[in-house]
Structure formats: structure tokens, C-alpha cells
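Letter by letter, the chains look like this.
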Amino acid sequence: MKRLGKSVLFAISGAALAVSSVATPVAAYDPQSGTGTGNSAVQAGGGLIPGKPVIHKRGDGVAPPKELGNPSEWGVVKLEINKSAVQIKENTCQNVTHGKWCYGYDLVSAGKKCYSNYIADVKHKSTVRVRNVDHSSGWVAKGKTSYANSTQGAAWTCHAFYSNE
């Protein structure tokens, strides 16, 4: 009798798992989730490949992180130390629609300093998220560089963001 009970339990659990995985697929371009402090929740997490930035534009179906407001464009990259993954090189930069976004981390004596720096021809800002806490440059005028960084233990994963108004 115990064996039959376990079989039924596993069958029900397996069916529930199969239904939930079909109903809620996870993809890099789906809305990300996360928690923040107070009104500054930045969404980041599941589905992002370390070192591979994802860029979104207003109206593409992906809600921007609340901390970023309603940007016309925003990007996020996951920064972690992982020997099996491709590592972000120092000062990785990429040209985006309105400017140049540089992000990455430096190993320092206090741990890992994650950063997001962005210069754009529109009003913009940079944000770094570590341990569910956001460190933002605040809005910066066009033509100026926004700087955001945070230093934490080397094992913590960081997320770097940029956004345009």
C-alpha cells in the first residue's frame, strides 16, 4: 500500500511540474524578476547569460525595471565570476542607440567592484544592482557620463543597467 501511495504522489507531482513548466517558460527576453529596496526594485535574474547584454526598447513587450521608470531604451547584463563561463573583460563597451555603454567588474582588495558607465546624446542613467540593492547614478544630462558602481564580495552576482529617458 505504501508503494502505491508513493507512486500516486510522484505521478501527481510530475504532472504538476509538467503543467507549470509549459505554462511559464523562461527566456532571456521575458520580463525578469527580482526584489529591491523600497521603491528601487530593479528586475534582473533568471534567463540572463553572464556577460551577454540584453537591450530592450519601449513597446517591445518587456516591462522595464521599476527603478528605471519608463525608458525609451534600456539594457542589462549579468556580471558574475564563473570559471566555466566567458568572462567580461575589463572595460567592456558597446555602442547602443544613443551612446556608448561600458560595464564590467574589477577584482579589488575588498572583493568585486561592479560598474556601469554610460555616455549618451539624451538624458540617461546607469544602475548597478548587487544583493538586491540598487546603486544608481541618477539622471544625467545628455553629453555627460553617468557612473554607477558597487563593491561587494567577489562571489556576489551583479547586474549592470543603462537607460534612456
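Criteria and thresholds
Residues numbered from 1 in each chain as written. Predicted model: local features only at pLDDT ≥ 70, side-chain atom pairs only at ≥ 80, totals over all residues. Heavy atoms only, no water. Helix = DSSP H or I, 4+ residues; strand = E, 2+ residues; numbered from the N terminus. Areas by Shrake-Rupley, 256 points an atom, 1.4 Å probe, with all protein chains shown as cover. Disulfide = S-S within 2.5 Å. Buried < 20%, exposed > 50% of the residue type's maximum accessible area, 1.4 Å probe, protein only. Salt bridge = Lys/Arg side-chain N within 4 Å of Asp/Glu carboxyl O. Pairing = 2+ DSSP bridges. Axes fitted to C-alpha atoms, helices over the stretch in contact; angles between N-to-C directions.

1. Description of the overall build of the chain
When helices and strands are tallied, the chain shows one helix and nine strands. Carbon and sulfur atoms make up 58% of the accessible area of the chain, which amounts to about 9,400 Å² in all.

2. Here we look at the state of the cysteines
On inspection of all chains with the given rule, the structure shows two disulfides. Disulfide pairing is shown between C93 and C102; the S-S distance is 2.0 Å. On the sign convention where negative means left-handed, the S-S torsion of about 105° between C93 and C102 marks this disulfide as right-handed. C93 gets classed as partly exposed once you look at its relative accessible area, which sits at 28%. Take C102: its relative accessible area is 12%, and that puts it in the buried class. What links to what in the chain: the bonded cysteines, counted in sequence order, pair as 1-2, 3-4.

3. Observations concerning the pattern of salt bridges
Counted according to the given criterion, the structure contains four salt bridges. Ionic pairing is found between E73 and K57, a salt bridge with its closest N-O pair at 2.6 Å. Here the residue E73 occupies a position in strand β2 (residues 73-79), and K57 occupies one in strand β1 (residues 54-57), the gap between them amounting to 16 residues. Classification of K57 as partly exposed rests on a relative accessible area of 42%. Residues R129 and D134 are paired through a salt bridge, measuring 3.3 Å at the closest nitrogen-oxygen approach. One exposure class covers both R129 and D134, and it is buried.

4. Regarding the sheet that holds strand β4 (residues 99-108)
Spatial ordering of the open sheet is given by β3-β4-β5-β8, a layout of four strands whose pairing is antiparallel. Each edge of the open sheet carries a strand with a single partner, namely β3 (92-96) and β8 (145-152). Averaged over all neighbouring strand pairs, the angle between strand axes comes to 15°, with direction disregarded. Across five bridges, the pairing between β3 and β4 is antiparallel.

5. Thoughts on the sheet that holds strand β7 (residues 133-136)
Within the open sheet, the five strands sit side by side as β1-β2-β9-β6-β7. Their pairing is antiparallel. Since the sheet does not close on itself, it has two edges, and those belong to β1 and β7, each with one partner. Ignoring strand direction, the axes of neighbouring strands in this sheet form an average angle of 20°. Across four bridges, the pairing between strand β6 (residues 124-130) and β7 is antiparallel. Counted as the bridge partner of R129 is D134 from β7.

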